[in-house]
Amino acid sequence: FMVDKGNHRHFMEKEIHEQPEVIGHTLAHYLDFVEGRTRDIPLPFDFSQIDRLSISACGTAFLAGSVARYWFERYARLPVDIDVGSEFRYREMPISPNSAALFISQSGETADTLASLRYCRSQGVPIAAVVNVPESTIARESDAIFPTLAGPEIGVASTKAFTCQLAVLAALAVRAGVQRGHVSPEQERELVRFLSEAPRFATAALKLDDQIEKLARELSQVKHALYLGRGTSFPLAMEGALKLKEISYIHAEGYAAGELKHGPIALIDENMPVIVIAPHDRNFDKTVSNMQEVAARGGRIILITDTEGARRATINAMETIILPDVPEIIAPIVYALPIQMLAYFTAVFMGTDVDQPRNLAKSVTVE
Ligand code: G6P
């Protein structure tokens, strides 16, 4: 069927704006907001019976899985092993019988992810997949699928599929926590309520478009950019860098903020913008000290934070993108939007083909 851009300039812009709605649809599939419970979704394994979860995916889906690792470990005390499909499939990983495998793919057709799935199949472990296309090969070859209800995604750079993957994975992590006895009924109710607020905060994030567009005008002048974050903001920093390089062709790297001193700090000067993703969470003060290291070397900082974070981070010559204060579990979903918008507007200023960036494909079905 036909999908059109509506009154948007690009599919990517349209898909960014659809997020509050599709995140809400996706969450409602997994969570009962009225009862404050995770739904009893059919699983090919019982979270209380496994001692390890292996996640494999490519590109943006890999970064969604990388965020989910923190969630499964924190809320469900479930150890997670994660790798990109192109490595996982050749690693010859010994798979323990008490593990389960989870694959994440928008298209459900990515060759390396599919090969990783088939490797796990040969090892006899239960297989589940988070997919956006329910009739895809990965969906068909899985024991169970967890659909993202993002609708068709046309822009090559993934946006709404990513936040819907995060929504599914957060709901699954809470479910796993309940099944493993690490999330009490009260905590479950609270986490479900927090998750239910994600669409509203995503809407608030979209309202920052004018400010982000102005920052993007400056960003479009640079050759390199560095993204930093800690905890769940680390994979988000990698996603920010990935988005920027995919559609604006500006070289960007995403780094764990604590690794700054082990290499990238050598690159910092006035010409190197550093985009820091730092909600005011348990890691915030550590990230602020990394920002001070950047500022001391003349680096230009764009801090994406919340009201409390902006109040606490007093660093000169810093731009701040201020989101509302959000519960920790939904921060990666909400913070995804400003990083998508920053890449989007930068690419628009550069005049690139936003929906069809050079050399990239929506679905990579070859090795
Ligand atoms: C390509 C796309 C990315 C996507 C990746 C994985 O590189 O350009 O946007 O994240 O493939 O695709 P999948 O369909 O498996 O999520």
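Reference entry: report on the structure contained in this document. Every chain begins its residue count from 1, and numbering advances along the sequence as written. Restriction of local features to residues with pLDDT of at least 70 applies here, the model being predicted, together with a cutoff of 80 or more for giving and counting side-chain atom pairs; totals for whole chains, interfaces and linings are based on all residues.

On to the site of the ligand. The criterion for a residue being near a molecule or strand is simple: its C-beta atom, placed using the backbone, must lie within 6 Å of it. The environment of the ligand is made up of 16 residues, and the closest members are Gly59, Thr60, Ser105, Ser107 and Thr110. Secondary structure elements are taken from DSSP: a helix is a run of H or I of four residues or more, a strand is a run of E of two residues or more, and numbering for both begins at the N terminus. Ranked by residues supplied to the shell around the ligand, first place goes to helix H3 (residues 59-76) with 3 residues. Gly is put with the polar residues, along with every residue not named as nonpolar or charged; the nonpolar set is Ala, Val, Leu, Ile, Met, Phe, Trp, Tyr, Cys and Pro, and the charged set is Asp, Glu, Lys and Arg. When the residues that make up the shell around the ligand are grouped by side-chain class, the tally is 6 nonpolar, 9 polar and 1 charged.

Take the sheet that holds strand S9 (residues 251-256) next. Either a parallel or an antiparallel arrangement is found when strands of a sheet pair, and the pairing is made through backbone hydrogen bonds. A sheet is described by the order of its strands in space; here 5 strands give the open sequence S9-S8-S10-S11-S12, paired in parallel fashion. Each of the sheet's edge strands pairs with one partner strand only, and the pair in question is S9 and strand S12 (318-323). Recorded for the sheet is a direction-independent mean angle of 20 degrees between the axes of neighbouring strands. In the sheet, strand S10 (residues 273-277) pairs with strand S11 (residues 300-306) via 5 bridges, with the strands oriented parallel. Each residue of the ladder has a partner; that of Ile275, found in S11, is Ile302. By definition, two strands form a pair when at least two bridges between them are found by DSSP. Fitting a line to C-alpha atoms yields each axis, with helices limited to the stretch in contact; the angle taken between N-to-C directions then spans 0 to 180 degrees.

Whether a residue is buried, exposed or partly exposed follows from its count of other C-beta atoms within 10 Å of its own C-beta, namely 20 or more, 12 or fewer, or something in between, respectively; the C-beta atoms are built from the backbone. Those residues of helix H10 (residues 209-219) lying buried are Ile212, Leu215, Ala216 and Leu219. Down the axis of H10, the smallest arc covering the buried residues is 105 degrees, so these residues share one side. Exposed and facing more than 90 degrees away from the buried side of H10 are Asp210, Lys214 and Arg217. Directions from the helix axis toward the C-beta atoms define the arc.

Next up on the list: the pairing of S9. Sheet analysis places strand S8 (residues 224-229) next to S9, joined by 6 bridges and oriented parallel. Counted as the bridge partner of Leu228 is Tyr255 from S9. Think of it like this: strands point away, you trace from the first strand over the helix to the second, and a clockwise trace means the crossover is right-handed. In this view, the connection linking S8 to its parallel neighbour S9 by way of helix H11 (residues 233-248) has right-handed handedness.

Turning next to the sheet that holds strand S6 (residues 127-131). Spatially, 5 strands are ordered S4-S3-S5-S6-S7 in an open sheet, and the strand pairing comes out parallel. A strand with exactly one partner marks an edge of an open sheet, and here the two such strands are strand S4 (80-84) and strand S7 (144-147). In this sheet, adjacent strand axes meet at a mean angle of 20 degrees when their direction is disregarded. Contacts between helix H5 (residues 111-122) and the sheet are confined to strand S3 (52-57), strand S5 (99-105) and S6, with S5 contributing the most and set at about 165 degrees to the helix. Each residue gets a C-beta atom placed from its backbone, and two residues are in contact if those atoms lie within 7 Å. Running at roughly 140 degrees to S6, helix H7 (residues 160-179) makes contact with S5, S6 and S7 of the sheet.

Moving on: the pairing of S10. Counting buried positions over the 5 residues of S10 gives 5, a clear majority of the element. Residues Pro273, Ile275 and Ile277 of S10 are buried on one face, and the alternating residues Val274 and Val276, pointing to the opposite face, are buried as well. In this sheet, S10 lies alongside S8 in parallel orientation, the contact comprising 4 bridges. For Tyr227, the partnering residue across the bridge sits in S10 and is Ile275. Between the parallel pair S10 and S11, the chain is carried across by helix H12 (residues 284-296), and the sense of this crossover is right-handed.

Turning to the packing of helix H2 (residues 19-30) against H7, a few remarks are in order. Close contact between H2 and H7 brings their axes to 9 Å; oriented N to C, the two are set at 25 degrees. As summarised for this structure, H2 and H7 are arranged roughly parallel, according to the angle between their axes. Two packed elements cross with a definite hand, and for H2 against H7 that hand is right-handed. Across the interface between the two elements, Gln19, Val22, Ile23, Thr26, Leu27 and Tyr30 of H2 pack against Lys160, Thr163, Cys164, Ala167, Val168 and Ala171 of H7. Roughly parallel means an angle under 35 degrees; roughly antiparallel means over 145; roughly perpendicular covers 65 to 115; every other angle is labelled oblique. For any pair of crossing helices, the crossing counts as left-handed if the nearer helix is rotated counterclockwise from the farther one by less than a right angle, and right-handed if it is rotated clockwise.

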